[in-house]
Amino acid sequence: MKVIFLDIDGVFNHILANFVEGTYVHRGYKPPHRQTENGLSLQMLPEKVFMLNCIIDRHPEIRVVLSSAGRINPRWREEMRANGFLFEFLDRTPSFGSHQYDTRPRGSEIRAWMDKWNAEHPEDPVARFAIVDDSSDMLDEHMAHFFRTSCYEGLTPAIANMIEYHLTYEER
């Protein structure tokens, strides 16, 4: 199985994003939000979401697992659809950061998800994966699969192309 582990902040939005009437509403690291009747929701840039939708449309065998902090929202799937993702997310990684003193890297959550998936689905193990995140708290074993975005730009066409190639090239 081919999997993309996906962060949101710094990937589908960025700190220079302009969301409200031509003014910058966000200049720090806290992501912009929009208020809904159900509480706060992340605001994502449609052109960034479009890039991932295109990859999944061209390669429907690629599955996506949410590794963003937003995965703790009980309505995370609804949140992703509301922001324009056209595919169904496979799952979300576990959250080890529920305690303020837990300093394990996000990579350990990704490793735990892969270990559990591979144990429960030996017929369809993770064969190839990509991690898309603006933070570098990954394990050393993940570095060859890590595509770091900039919190100032988010996902770019160049990074999207590298992710697609990484997951779909055929070894010779």
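**Remarks on the sheet that holds strand 1 (residues 2-6)**
Part 1: Taken in spatial order, the five strands of this open sheet run 5-4-1-6-7, and their pairing is parallel. On the outer flanks of this sheet lie strand 5 (91-92) and strand 7 (146-148), each paired with one strand and no other.
Part 2: The strands touched by helix 4 (residues 157-168) are strand 1, strand 4 (62-66), strand 6 (128-133) and strand 7; relative to strand 6, the strand with the most contacts, the crossing angle is about 160°.

**Observations concerning the nonpolar core**
Across soluble globular proteins, nonpolar side chains show a tendency to be buried alongside one another.
Part 1: In this structure, Ile4, Leu6, Phe12 and Phe85 are the most contacted members of the largest nonpolar core, which totals 27 residues.
Part 2: Looking at this core, the elements with two or more residues in it are strand 1, helix 1 (46-58), strand 4, helix 2 (76-82), strand 6 and helix 4.
Part 3: It is helix 1 that provides the largest number of residues to this core, a total of five residues.
Part 4: Not counting residues up to four positions away in its chain, the partners in contact with Ile4 are Leu52, Ile56, Ile62, Arg63, Val64, Val65, Ala130, Val132, Ile163 and Leu167.
Part 5: Counting 14 residues, the second largest nonpolar core, distinct from the first, contains Met1, Val3, Val65 and Phe146.

**Notes on the confidence of the model for the chain**
Part 1: Confidence in the prediction of the chain, expressed as mean pLDDT, is 82, and 78% of residues score 70 or more.
Part 2: Looking at the elements of the chain, mean pLDDT is at its lowest for strand 2 (residues 33-36), recorded as 50, and at its highest for strand 1, recorded as 97.
Part 3: The low-confidence segment residues 20-33, where pLDDT is below 50, has 29 contacts with residues more than four positions distant or belonging to other chains.

Cut-offs used in this document
- Residues numbered from 1 in each chain as written.
- Predicted model: local features only at pLDDT ≥ 70, side-chain atom pairs only at ≥ 80, totals over all residues.
- Heavy atoms only, no water.
- Pairing = 2+ DSSP bridges.
- Helix = DSSP H or I, 4+ residues; strand = E, 2+ residues; numbered from the N terminus.
- Contact = heavy atoms within 4.5 Å.
- Axes fitted to C-alpha atoms, helices over the stretch in contact; angles between N-to-C directions.
- Core = buried A, V, L, I, M, F, W, Y, C linked by side-chain atoms within 4.5 Å.
- Buried < 20%, exposed > 50% of the residue type's maximum accessible area, 1.4 Å probe, protein only.
- pLDDT = per-residue confidence, 0-100.

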